[in-house]
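# Descriptive analysis of the structure
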Amino acid sequence: MTVAIAIAFVVGAAIAGAFAALRARSGRGDVRAEAERVVEEARREAQSLRKGAEIEAKESALRARADAERETKDRHSEIAREAERLAQREETLEKRAEGAERKEREVLATERELVRREQATETNAVKAQELLAEARRKVERAAGMTAEQARKELALLVTEDARRDAAAEIRKVEEETRREADERAKRIIAQTIQRYASDFVHERTIAVVPLPSDDLKGRIIGREGRNIRALEAATGIDLIIDDTPEAVVVSCFDPVRREIAKIAIARLIADGRIHPARIEEIVAKCADEIEKQCLAAGEQAVFDLGLHRVNPELVKLLGKLRFKTSYAQNLLQHSVEVGAIAGMMAGELGLSVKLARRAGLLHDIGHAIGHEVEGSHAQVGALAAKKYGEAPRICQAILAHHGEVEPQDALDHLVDAANQLSAQRPGARREQMASYIQRMVDMEKVCTSFSGVERAYAILYGREVRVMVENSKVTDDQASALCRDIARKIEDDLSFPGQIKVHVIRETRAVDYAR
């Protein structure tokens, strides 16, 4: 419709234009012929335009139809695909439903089978109980004992077998471990001893002060004993003046005070002026000198081991060990040696050398404190080290070096081993004869207190004990366990320097006669 209107409008415009042109160019006579011609041309042009419009309209219709057909085809394809997916999903659901039904049937069958087996098991259990009761009655009739008695007998046999097996296994493991440990320990100790060698000097605190003449005894006593009272009050010692020619005896448990008194008496004798005021002055000077000597000795010990940042109070306590002894062994020299040995062994084992030296040097620091603080010297030393800022591992090594607490670190074992090495060198320590004999007797009593021990002998100055056992009561495997028990008993009941080696000897004798 729109195309026809456009064509009519174009034809009308053409005719109007033609008429206007004719009117301008010619007169009225030629108007009709020209009008017809123009009309004919317009008609032909209109027909041409109509045909073009019709062709264009057909082409548009064809394109629209092709688009519609293509869209319809795409929609049909999508619908087909969706239908296919729905069909596949439906098929999957059907398969799952079939599988669920099959599993349900299997579960029901399994439940029925389990019920049947449970019933059969209960039946068999009842039969087994009846058979067991019947067998027990038969065994009791045959063995002549009840089930409880047989159970106890069996448990006893099993326990004894287990003990024998355990003792044999323990013995085997201990032998292997001891062999490996001995080889490595001997190598480390040998290297350590080769690298460190020190002179041992047995120092006994000399409590006798020589006098030029016996006349000085009266001057030392003074008028009505005022000089000797002033000297004892200033130094804290007991001065014994007896019939010993040209000598007086200084008695005191504190070796530092004893040393101060000895030096003060010697200087008073050399000065000749002996009266209470002079005594107090000389004693004060001697105390200052001894304190300086202690500080110097402690600093020298710290320097010898290459240590740093040691609290001055600990250095001063170390210096006091110079005047103390243990079984005639100087404690300061012993402490320096323990530090050196512990450091060398730590180096061999790949541990901290500085830490081992420090712990070894301070391990006997409790001896310098004396009886002012209650507790063993290991406990007192650990408290002092903690008070003056030492590391917890150092305090633990000091506390554990005599086995008063369980070792917690390799450092504890190193300090303990170095302490024993220093104390057990030949000639390093001495003890009084009475205490030595009593220790030997106590050691033998501890050994003979165990069942199966026939005799015990302490030998090698109490460093070793040999225990003879009855071969009918103690087996070879039990001998190893007995040896370990005796060693632990000696550790718990006796006090001794170093270590004691325990030998358990089991002897089997065969006797026959040739006739």
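In what follows, the structure referred to is the one given above.
So, here is what we can say about the structure in this document. From a predicted model like this one, the values you see are computed outputs, not experimental measurements.

## Some words on unusual backbone geometry
- Positive phi is not limited to glycine here, since Glu-224 has a value of about 55°.
- Within the secondary structure layout, Glu-224 lies in the loop between helix H4 (215-221) and helix H5 (226-235).
- Relative accessible area serves as the criterion here: at 71%, Glu-224 is assigned to the exposed category.
- Backbone geometry at Arg-309 places phi at a positive 55°, although glycine is not the residue there.

## Points about the packing of helix H11 (residues 377-387) against helix H12 (residues 392-400)
- Axis separation between H11 and H12 bottoms out at 7 Å; the angle between their running directions is 170°. Taken together, H11 and H12 sit at an angle that is classed as roughly antiparallel. Here Ala-378, Gln-379, Gly-381, Ala-382, Ala-385 and Lys-386 of H11 lie close against H12, whose contacting residues are Cys-395, Ile-398 and Leu-399.
- Looking at the contact of H11 with H12, its residues break down into 6 nonpolar, 2 polar and 1 charged.

## Notes on the environment of Ala-359
- With respect to the helices and strands, the residue Ala-359 is situated in helix H10 (residues 353-362).
- On a C-alpha basis, the gap between Ala-359 and Leu-414 in space is 9.3 Å, while along the polypeptide they are 55 residues apart.
- Other than its neighbours up to four places away in sequence, Ala-359 contacts Ile-394, Ala-397, Leu-411 and Val-415.

## Some remarks on the pairing of strand E7 (residues 464-469)
- Pairing geometry for strand E6 (residues 453-459) and E7, over 6 bridges, is antiparallel. By the bridge assignment for E7, Ala-456 is matched with Val-467.
- In this sheet, strand E8 (residues 501-506) lies alongside E7 in parallel orientation, the contact comprising 6 bridges. Bridge pairing in E8 places Met-468 opposite Ile-505.

## Some remarks on empty space enclosed by the protein
- Applying the stated criterion to the full structure yields 1 cavity of 30 Å³ or more.
- Volume-wise, the largest cavity comes out at about 40 Å³.
- What lines the largest cavity is simply Ile-220, Leu-231, Ile-265, Leu-268, Ile-269, Ile-274 and Ile-279.
- Each residue belonging to the lining of the largest cavity can be placed in one class, and the counts come to 7 nonpolar, no polar and no charged.

## Points about the environment of Glu-299
- Within the secondary structure layout, Glu-299 lies in helix H7 (residues 276-304).
- Between the alpha carbons of Glu-299 and Gly-319 there is a distance of 7.7 Å; along the sequence they are 20 residues apart.

## Re a negative patch on the surface
- Negative charge collects at one region of the surface, where Glu-90, Glu-94, Glu-98, Glu-101 and Glu-104 lie side by side.
- With respect to the helices and strands, the residue Glu-98 is situated in helix H2 (residues 31-143).

## So, the sheet that holds E7
- A sheet is described by the order of its strands in space; here 3 strands give the open sequence E6-E7-E8, paired in mixed fashion. Among the strands making up the open sheet, the edge pair consists of E6 and E8. Adjacent strand axes in the sheet meet at a mean angle of 20°, parallel and antiparallel pairs treated alike.
- Lying over the sheet, helix H15 (residues 476-493) contacts E6, E7 and E8, oriented at roughly 150° with respect to E8.

Criteria and cut-off values
- Residues numbered from 1 in each chain as written.
- Predicted model: local features only at pLDDT ≥ 70, side-chain atom pairs only at ≥ 80, totals over all residues.
- Heavy atoms only, no water.
- Helix = DSSP H or I, 4+ residues; strand = E, 2+ residues; numbered from the N terminus.
- Buried < 20%, exposed > 50% of the residue type's maximum accessible area, 1.4 Å probe, protein only.
- Axes fitted to C-alpha atoms, helices over the stretch in contact; angles between N-to-C directions.
- Parallel < 35°, antiparallel > 145°, perpendicular 65-115°, else oblique.
- Contact = heavy atoms within 4.5 Å.
- Nonpolar A, V, L, I, M, F, W, Y, C, P; charged D, E, K, R; others polar.
- Pairing = 2+ DSSP bridges.
- 1 Å grid on protein atoms, 1.4 Å probe; cavity = no way out; pocket = protein on both sides within 12 Å on 5 of 7 lines; lining within 4 Å.
- Points joined across faces, edges and corners; volume = space filled by probe spheres on them.
- Patch = residues over 30% accessible without salt bridge, like charges linked within 9 Å, V, L, I, M, F, W, Y side chains within 5 Å.
- Areas by Shrake-Rupley, 256 points an atom, 1.4 Å probe, with all protein chains shown as cover.
- Salt bridge = Lys/Arg side-chain N within 4 Å of Asp/Glu carboxyl O.
- Lys, Arg positive; Asp, Glu negative; His and termini not counted.
- Charge placed at Lys NZ, Arg CZ, Asp CG, Glu CD.

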